[in-house]
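Descriptive structure summary
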Amino acid sequence: YNTNMLAIFYGIPNEMNSITLTPHHLLYKYYADGAIPTMSGDIKVGDVLNGDNNGNYTVYDIKLLHNKHPINPITASGNLMVNNVKTSVFTRSAAEHERLTECGKIFAWISDNISESLAANLIDFYYNIIYSRIIKPNYY
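Here the structure is a predicted model, which means the values were calculated and not measured.

About the thresholds
- Per chain, residues are indexed from 1 in the order of the written sequence.
- This being a predicted model, a pLDDT of at least 70 is required before a residue's local features are given, and a value of 80 or more before pairs of side-chain atoms are given or counted; all residues contribute to the totals for chains, interfaces and linings.
- The side-chain quantities take in all heavy atoms of the structure and omit both hydrogens and water.
- A pair of strands is considered paired only if DSSP assigns at least 2 bridges between the two.
- Per the convention used, a helix needs a DSSP run of H or I reaching at least four residues, while a strand needs a run of E reaching at least two, with both numbered from the N terminus.
- Lines fitted to the C-alpha atoms define the axes, with helices restricted to the stretch that makes contact. Angles between their N-to-C directions range from 0 to 180 degrees.
- Just so you know how the angles are binned, under 35 degrees is roughly parallel, over 145 roughly antiparallel, 65 to 115 roughly perpendicular, and the rest oblique.
- Any two residues whose heavy atoms approach within 4.5 Å at even a single point are treated as in contact.
- Think of it as three bins: nonpolar holds Ala, Val, Leu, Ile, Met, Phe, Trp, Tyr, Cys and Pro, charged holds Asp, Glu, Lys and Arg, and polar takes everything else, Gly as well.
- Remark: exposure states derive from per-residue accessible area (1.4 Å probe, protein chains only) relative to the maximum for the residue type, with buried under 20%, exposed over 50%, and partly exposed in between.
- Pairing of aromatic rings covers Phe, Tyr and the six-membered ring of Trp, with a centre-to-centre limit of 6.5 Å; geometry is then stacked below 30 degrees between planes, edge-to-face above 60, and tilted otherwise.
- Sitting over a ring, as applied to charges here, requires NZ of Lys or CZ of Arg to be within 6 Å of the ring centre and within 35 degrees of the ring normal.

**Considering the sheet that holds strand E7 (residues 85-91)**
The antiparallel open sheet is built from 4 strands, whose spatial order is E4-E3-E7-E6. Each end of this open sheet is capped by a strand with a single partner; those strands are strand E4 (34-39) and strand E6 (79-82). Across the sheet, the mean angle separating the axes of adjacent strands is 40° when strand polarity is ignored. Looking at chain direction, strand E3 (residues 25-31) and E7 are connected through 2 bridges and run antiparallel. Counted as the bridge partner of Leu27 is Thr87 from E7.

**Some words on the environment of His69**
You can see His69 is positioned in the loop between strand E5 (59-68) and E6. His69 sits 64 residues away from Met5 along the chain, and the two C-alpha atoms are 8.6 Å apart.

**Overview of the packing of helix H2 (residues 105-113) against helix H3 (residues 116-139)**
Between H2 and H3, whose axes approach to 6 Å, the crossing angle comes to 155°. Taken as axis vectors, H2 and H3 run roughly antiparallel relative to one another. Counted together, Phe107, Ile110 and Ser111 of H2 and Glu116, Leu118, Ala119, Leu122, Ile123 and Tyr126 of H3 form the full contact between these two elements. The class makeup of the residues in the contact of H2 with H3 is 7 nonpolar, 1 polar and 1 charged.

**Here we look at the side chain of Thr22**
Within the secondary structure layout, Thr22 lies in the loop between strand E2 (17-21) and E3. The exposure class assigned to Thr22 is buried, which follows from its relative accessible area of 10%.

**Brief notes about the packing of aromatic side chains**
Summed over the entire model, instances satisfying the criterion amount to 3 aromatic pairs. On the basis of an interplanar angle of 45° and a centroid distance of 6.2 Å, the ring pair of Phe9 and Tyr60 is categorised as tilted. Remark: Tyr60 occurs in strand E5 and Phe9 occurs in strand E1 (residues 3-10); sequence separation between them is 51 residues. Their ring planes at 50° and their centres at 6.2 Å tell us that Phe107 and Tyr126 sit as a pair that is tilted. Placement of Phe107 in helix H2 and of Tyr126 in helix H3 is noted, with a sequence separation of 19 residues between them. Given a relative accessible area of 36%, Tyr126 falls into the partly exposed group. Sitting above the plane of the Tyr28 ring, Lys86 keeps its charged end 4.3 Å from the centroid.

Here's what the structure looks like:
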């Protein structure tokens, strides 16, 4: 694999808390009006990440890592907690996160009201067939 990724270190330095992700993946960064999904490549030392409310999430170091293999999980909510930091499963922008989260609400409804297994299979089909083979090659 030849993917560059970022290791973003936060909290108390001797505890070595970090999260590793591509520069395009979104982290929730605190701004004056709340936490907003922000591309990790735009995160700077001193920024505060949205965490689980039980710790210090101030960024103190960022390192570029080479030849890594990113993992791209998909969730019905569009979010994940990774090492106690809230992230988005989407990339590029807060607007893209909002658009795709809105589009994915049908999968959450199916999971809650019909079958979680069916919803997982539909998400897998949509991502691996519709998005990866049709939409992404033609629009990104």
